[in-house]
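# Understanding the architecture of this molecule
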Amino acid sequence: MSKTTSLLSALLCTFIWGTTFIAQDTGMDNIGPFTFNSVRFFVGFLAITPLVLIFELKKFKSEFKSDIKTFINLSILIGLSLFLGSALQQVALLYTDVANAAFFTIFYVPIVPIIIFIFKKKSIHWSVWPSVVLCLIGGYLLTNFYDATVRLGDSLVILGALFWSTHIIFTGIIVKKYNLPLTLGAIQTLIVSLLSFVIGFFYEEFIYINIMKEISSILYAGILSGGFAFVLQIYAQKNITPAPAAIIFSLEGVFATIAAWYILDQILDINNLLGCFFILSGVLLSQLLPLIKKKYS
């Protein structure tokens, strides 16, 4: 797979994630956040599994010939990270609006390179750091500090960003060792669905009629975002290292904000628009400078 294909996969993945915030927000009118996530990710699992059987089942023997234990361990870590990130994000949408939730989710942008630098002592292109600063400034401008309820929701999203970061990092590790993106996508969605079901079973009500009222939101969030978008992420990270990948994925905030304005009539003020501008600038900076340096070096 070429880097161009990986970049296109990342952008398509990001677009789906961004627009899915609308489905996540509107999909909780009649059901709780864990019920929504449980059904959503199980739908994603059902959508991916036939593709696993068709395209990857025959590859299991060769891929797992030397080491299946590492694949299992990393898959569990990826699934747990996805569960914690998505659960905090979904609950946060009860307290804050789509634009804030989407943009504060992208705090994984500064967290990813910091984690990599601390634990792996791996050098990072210098352009990542000013990009991180621009993204932080953009996130600040999107904050409504005067609203305590919104601040609670924003805080949950920022905490969830820590687990989106580990999800990106662990995915970056596993795709270098195993060529089973569909299998990994199916496993992680099943883990999230099961864990969400356990919590929802004790604290929420699984009512079939109410679930069916949200079926359109569930199908969009489940098939496209919970299923195929995470597979696109895996394909994307085959040729993009975690830190730049995190910055590309942060564009989901831009897509979500535009979708919230167009579909939900959530209007942005001048500070919010500046926040979008700073984050978009950070994304472009992180991607263009390394390419320019490579071209003229």
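One structure accompanies this document, and this report is about it. Please read all numbers here as calculations on a predicted model, not as lab measurements.

### Brief notes about the nonpolar core
One recurring pattern in soluble globular proteins: nonpolar side chains tend to sit buried together. Formed by 63 residues in total, the largest nonpolar core has its most connected members in Phe21, Val98, Tyr108, Val109, Val112, Ile218 and Phe249. Considering each element in turn, this core owes the most residues, 7 residues, to helix 1 (residues 3-26). Once you skip the residues sitting within four places of it in the chain, Phe249 turns out to touch Ala10, Cys13, Thr14, Trp17, Ile106, Tyr108, Ile168, Gln233, Ala236 and Gln237. Counting residues in each nonpolar core, the second largest holds 10 residues, with Phe64, Ile78, Ile174 and Val175 among its members.

### Some thoughts on the packing of helix 2 (residues 33-55) against helix 4 (residues 69-92)
With their axes 9 Å apart at the nearest point, helix 2 and helix 4 run at an angle of 135° to one another. Our classification of the angle between helix 2 and helix 4 gives oblique. By crossing handedness, the relation of helix 2 to helix 4 is classed as right-handed. Where helix 2 abuts helix 4, its residues Pro33, Phe34, Phe36, Asn37, Arg40 and Phe41 lie against Leu82, Phe83, Ser86, Ala87, Gln90 and Val91. Residue composition of the contact of helix 2 with helix 4, grouped by class: 8 nonpolar, 3 polar and 1 charged.

### Points about the packing of helix 1 against helix 13 (residues 252-264)
The geometry of helix 1 relative to helix 13 is characterised by a closest axis approach of 8 Å and an angle of 40° between their N-to-C directions. With respect to helix 13, the element helix 1 is oriented oblique. For the crossing formed where helix 1 meets helix 13, the hand is right-handed. Across the interface between the two elements, Leu11, Thr14, Phe15, Trp17, Gly18, Thr19, Phe21, Ile22, Asp25 and Thr26 of helix 1 pack against Glu252, Phe255, Ala256, Ala259, Ala260, Ile263 and Leu264 of helix 13. Residue composition of the contact of helix 1 with helix 13, by class: 11 nonpolar, 4 polar and 2 charged.

### Details of the packing of aromatic side chains
The final tally for this structure, using the stated rule, is 14 aromatic pairs. A centroid spacing of 5.2 Å and a plane angle of 50° characterise the contact between Trp17 and Phe230, whose relative ring orientation is tilted. Residue Trp17 is found in helix 1, and its partner Phe230 is found in helix 11 (residues 215-236); the two are separated by 213 residues along the sequence. Using a relative accessible area of 2% as the deciding quantity, one classes Phe230 as buried.

Criteria and cut-off values
- One numbering rule holds for all chains: residues counted from 1, following each sequence as written.
- The predicted origin of the model limits local features to residues at a pLDDT of at least 70 and limits the giving and counting of side-chain atom pairs to 80 or more, whereas totals for whole chains, interfaces and linings rest on all residues.
- Each side-chain value is derived from all of the structure's non-hydrogen atoms; neither hydrogens nor water enter the calculation.
- To define a nonpolar core, start from buried Ala, Val, Leu, Ile, Met, Phe, Trp, Tyr and Cys residues and group those joined through side-chain atoms within 4.5 Å.
- Buried means the residue's accessible area, taken with a 1.4 Å probe over protein chains only, is under 20% of the maximum for its type, while exposed means over 50%, and partly exposed covers the values in between.
- Secondary structure elements follow DSSP: runs of H or I no shorter than four residues count as helices, runs of E no shorter than two count as strands, and numbering proceeds from the N terminus.
- Any pair of residues with heavy atoms lying within 4.5 Å of one another is described as a contacting pair.
- Angles run from 0 to 180 degrees between N-to-C directions of axes, and those axes are lines fitted to C-alpha atoms, restricted for helices to the stretch in contact.
- Every angle not falling under 35 degrees, over 145, or within 65 to 115 is termed oblique; those three ranges are roughly parallel, roughly antiparallel and roughly perpendicular.
- Two helices that cross are described as forming a left-handed crossing if the nearer one is turned anticlockwise from the farther one by less than a right angle, and a right-handed crossing if clockwise.
- Only Asp, Glu, Lys and Arg are considered charged, only Ala, Val, Leu, Ile, Met, Phe, Trp, Tyr, Cys and Pro nonpolar, and every remaining residue, Gly among them, polar.
- Only Phe, Tyr and Trp rings take part, Trp by its six-membered ring, and two of them pair if their centres are within 6.5 Å. Stacked means planes under 30 degrees apart, edge-to-face means over 60, and tilted covers everything else.

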